[in-house]
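Here is what each chain is made of, one letter per residue.
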Amino acid sequence: MQNGFKTIALIGKYQSPEVSDAVLRLALFLRERACEVLIEQGTASATGIGGEFRVAAFDEIGAKADLAIVLGGDGTLLTAARRLASHAVPLVGVNQGRLGFLTDIPREDMFEHVGAILAGRARHDTRMLLEAEVVRAGDRVFHTMALNDAVVSKGEIGRMIEFELHLDGEFVYHQRSDGIIVCTPTGSTAYAMSANGPILHPGVTGIALVPLCPHALTHRPITVSDDCRIEIVVQPPHDARVHFDGQARFDARAGDRIRIWRSDHVVTLLHPPGYSYYSILREKLHWSAAPRLP
């Protein structure tokens, strides 16, 4: 091996026994190449294949792994990215899900592509993370990170919420809507795209703010600098719900301040030779598909 990947962790789709065959085959493939293989604790529990390989929690993976290979969908990779961000472990995504913007290696080609990455022919792709906190009456009551987005929404109340948006300490607007999406370039092809937000190339140093069904049609998506400090203040009488990468959740109250900024941590994705971001867009969004005849 030319790249120093001696200890490699395998992380499977959460509680999905159907990935067991792919995880086992890849573990054997790596062991044949003199790699020490770590099976993530939840993956070992779901698949039952941890007996002949070392089982490790995320903290141990972060401390010992040179590389983590995720076998699942984009949601699995988002979880791994947040859990390993502070350890700077690079990630490779093998698609076992549906869309696969982040898990770009097809399962049927995983040995070829993983082999190329082990041989030192990987393309390195650095992605920014968001850091977020909720402040209530001057005290931090919640803190997390997100690779895709932070979404302030109406939750289960079934009616619009109201909030103020402040950027770098300056009041920008008061909005009445279903909420707002704050997303990284990585997250611009997720929920934000469904809400008619812009697609941002991963190399763009910006954060997009995309309103959700605003009551005033003049509220449009905007992109701000990645060093911008974003603050969303929930206005009475309604509370709100905040989601991070569609996984972590916090129920905010009127008066809470949701603060979002670029994290000091980054996520490194490794892609096989020939990877193209635009090719992924063409494939996943069917940009070149011929129109269907009636």
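These figures come from a predicted structure and were not determined experimentally. (Residues numbered from 1 in each chain as written. Predicted model: local features only at pLDDT ≥ 70, side-chain atom pairs only at ≥ 80, totals over all residues. Heavy atoms only, no water.)

1. Remarks on unusual backbone geometry
To keep things clear, this is the line we draw: Counting from the N terminus, the helices are DSSP H or I runs at least four residues long and the strands are E runs at least two residues long.
Residue proline 237 follows proline 236 across a cis peptide bond; omega there is 15°. Within the fold, proline 237 resides in the loop between β15 (230-235) and β16 (240-244). Phi is positive for alanine 88, close to 60°, though the residue is something other than glycine. Relative to the helices and strands, alanine 88 resides in the loop between α4 (74-84) and β5 (91-95).

2. A short note on the packing of helix α1 (residues 20-32) against helix α5 (residues 110-118)
A packed helix pair is summarised by two numbers, namely the angle formed by the two axes and the spacing between the axes. Rules: Only the contacting stretch of a helix is used when fitting its axis, a line to C-alpha atoms as for every element, and angles between N-to-C directions run 0 to 180 degrees. Whether a crossing is left-handed or right-handed is set by the direction in which the near helix is turned from the far one by less than a right angle, anticlockwise for left-handed and clockwise for right-handed. Working rule for contacts: check all heavy atoms of both residues, and any pair within 4.5 Å makes them a contact. Classification convention: Asp, Glu, Lys, Arg as charged; Ala, Val, Leu, Ile, Met, Phe, Trp, Tyr, Cys, Pro as nonpolar; all other residues, Gly among them, as polar.
Packing of α1 against α5 leaves a shortest axis separation of 11 Å and a crossing angle of 35°. In this structure, the crossing between α1 and α5 has a hand that is right-handed. Residue-level inspection shows Ala22, Arg25, Leu26, Phe29 and Leu30 of α1 in contact with α5, the latter providing Met110, Phe111, Val114, Gly115 and Leu118. Partitioned by chemical class, the residues of the contact of α1 with α5 number eight nonpolar, one polar and one charged.

3. A short note on the pattern of salt bridges
The condition that has to hold: By salt bridge we mean one thing: a side-chain nitrogen of Lys or Arg within 4 Å of a carboxyl oxygen of Asp or Glu. Accessible area is worked out with a 1.4 Å probe on protein chains only. A residue is then buried under 20% of its type maximum, exposed over 50%, and partly exposed in between.
The tally for this structure, following the rule as stated, stands at 18 salt bridges. In this structure, arginine 82 engages aspartate 245 in a salt bridge whose closest nitrogen and oxygen atoms are separated by 3.0 Å. Of the two residues, arginine 82 sits in helix α4 while aspartate 245 sits in the loop between β16 and β17 (248-252), which places them 163 residues apart along the sequence. Residue arginine 82 shares its accessibility class with aspartate 245, and that shared class is buried. Of the charged contacts, one joins arginine 136 and aspartate 256 as a salt bridge, the two residues approaching to 2.8 Å between their closest N and O atoms. Here arginine 136, found in strand β7 (residues 123-136), pairs with aspartate 256, found in the loop between β17 and β18 (257-271); they are 120 residues apart in sequence, far enough to count as distant.

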